[in-house]
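For reference, the chains in residue letters:
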Amino acid sequence: MCDLNDQEELKKYTRRDFGTLAASAGLLTALPSVANAVAVAEREVSIATADGTCDAYFVAPTSGPAPGVLVWPDVFGLRPAFRQMGRRLAESGYSVLVVNPFYRQKKAPTAAQGGQTPIAEVMPLMQALTPAMHLSDGKAFVTWLDAQREVDKARKLGTTGYCMGGPIAVRTATAAPGRVGAVGTFHGAAMVTAAPDSPHRLVAQTQARYLIAVAENDDAKDPEAKVALRAAFDSAKLSAEVEVYPAAHGWCPPDTRVYDAAQAERAWTRLLATFSTALA
């Protein structure tokens, strides 16, 4: 399911004509306003981890504690698009932490042109990370969230992952199974592999409800991945929604070449529904 370490796939991703582009390079599409949006406050934060200090963005309702959500960006990292997405989620009633997954190498921004940066320029950042780092960071960020007065500790946490963030979100749920109640992945990369620690093999170690939104071209490349994911959730007796969306890999962030507003809103609606049920 979209193995971004596949060099041939990288070539296709960087040159393929997907049809309608989101906008010219560097342009960030404005997301729709939140109906009945709550007032929020935002701040840049620094989080101590086992390997250093992570720079991140935190935004939360001003009305009082709310369920925490940890957001793992795609390979283009923490940037205005994900700050916009984080703020929108906070306006929907959640205390949201959006992290820079590449803090070991450099502070954000880590992609010169945001979601339209040539992918070959950012691949080394992703390739430097390991599953052990994912687990360590997940624990650190969950601990940080639970130390914030804006986070309601009586309610479960949610986590979302985009592209490479998909597997990291699953690993976060394994690192803190008693805290993470919902996981959403969007055009997740390498969600099903032959490795013993493939995300689909880890879900049984979690206690979360899942929303797995699969890109159409990822499904075309590996149509059995969704089957394996559904089987894994069924075996673990976990509630999960696994669906292929008629959109290209990368369709959710509003600064990518393949941003699909209609399908991004559909995925967003399903995420809010998942959180409403699992983080109640």
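Model, not experiment: these values are computed from the prediction.

J.: I would appreciate a short explanation of the packing of helix 2 (residues 80-91) against helix 9 (residues 261-278) in the present structure.
T.: For any two helices packed against each other, the geometry comes down to the angle between their axes and how far apart the axes lie. Packing of helix 2 against helix 9 leaves a shortest axis separation of 12 Å and a crossing angle of 45°. Classed by the angle they form, the pair helix 2 and helix 9 counts as oblique. With respect to the hand of their crossing, helix 2 and helix 9 are arranged in right-handed fashion. Where helix 2 approaches helix 9, its residues Met 85, Arg 88 and Leu 89 are matched on the opposing element by Glu 265, Trp 268, Leu 272 and Phe 275. When the residues that make up the contact of helix 2 with helix 9 are grouped by side-chain class, the tally is 5 nonpolar, no polar and 2 charged.

J.: What am I meant to see in the environment of Ala 112 here?
T.: Structurally, Ala 112 can be placed in the loop between strand 4 (95-99) and helix 3 (119-127). Distance from Ala 112 to Pro 101, taken between C-alpha atoms, is 16 Å for residues 11 residues apart in sequence.

J.: How should the packing of aromatic side chains be read in this particular structure?
T.: Any pair of aromatic rings gets described here by the distance separating the centres and the angle formed by the planes. Summed over the entire model, instances satisfying the criterion amount to 7 aromatic pairs. Aromatic side chains Tyr 162 and Phe 186 sit 4.9 Å apart centroid to centroid with 20° between the ring planes, which places their arrangement in the stacked category. With Tyr 162 in strand 5 (residues 157-162) and Phe 186 in strand 6 (residues 180-186), this residue pair connects regions lying 24 residues apart in the sequence. Plain terms: the ring middles of Tyr 210 and Phe 233 are 4.7 Å apart, the flat faces sit at 40° to each other, and that makes the pair tilted. You can see Tyr 210 sitting in strand 7 (residues 209-215) and its partner Phe 233 sitting in helix 8 (residues 224-236), a full 23 residues away along the chain. With respect to class, Tyr 210 is no different from Phe 233; both count as buried. Among the aromatic residues, ring-to-ring pairing joins Phe 82, Tyr 162 and Phe 186 into one connected group. Over the face of the ring belonging to Tyr 245 we find Arg 266, whose NZ or CZ atom lies 4.5 Å from the ring centre.

J.: How do you make sense of the confidence of the model for the protein when you look at a structure like this?
T.: Across the protein, the average pLDDT comes to 92, with 91% of residues at or above 70. Residue range residues 5-26 is modelled with pLDDT below 50. Its contacts to residues more than four positions away, or to other chains, number 32 contacts.

J.: Explanation requested: the pattern of salt bridges in the structure shown.
T.: Pairing between side chains of opposite charge can happen when the charged atoms of each approach one another. For the structure on display, the rule yields 15 salt bridges. Its salt-bridge partner being Arg 87, residue Glu 91 comes within 3.4 Å of it at the nearest N-O pair. Residue Glu 91 and its partner Arg 87 are both found in helix 2; the two are separated by 4 residues, about one turn of the helix. On the basis of relative accessible area, Glu 91 is assigned to the buried category, the value being 19%. Relative accessible area serves as the criterion here: at 30%, Arg 87 is assigned to the partly exposed category. Here Glu 265 makes a salt bridge to Arg 88, at a shortest N to O gap of 2.8 Å. In this pair, Glu 265 sits in helix 9 while Arg 88 sits in helix 2, placing the two residues 177 residues apart along the sequence.

About the thresholds
Residues numbered from 1 in each chain as written. Predicted model: local features only at pLDDT ≥ 70, side-chain atom pairs only at ≥ 80, totals over all residues. Heavy atoms only, no water. Axes fitted to C-alpha atoms, helices over the stretch in contact; angles between N-to-C directions. Helix = DSSP H or I, 4+ residues; strand = E, 2+ residues; numbered from the N terminus. Parallel < 35°, antiparallel > 145°, perpendicular 65-115°, else oblique. Left-handed = near helix turned anticlockwise from the far one by under 90°. Contact = heavy atoms within 4.5 Å. Nonpolar A, V, L, I, M, F, W, Y, C, P; charged D, E, K, R; others polar. Phe/Tyr/Trp six-rings, centres within 6.5 Å; stacked < 30°, edge-to-face > 60°. Buried < 20%, exposed > 50% of the residue type's maximum accessible area, 1.4 Å probe, protein only. Lys NZ or Arg CZ within 6 Å of the ring centre and 35° of its normal. pLDDT = per-residue confidence, 0-100. Salt bridge = Lys/Arg side-chain N within 4 Å of Asp/Glu carboxyl O.

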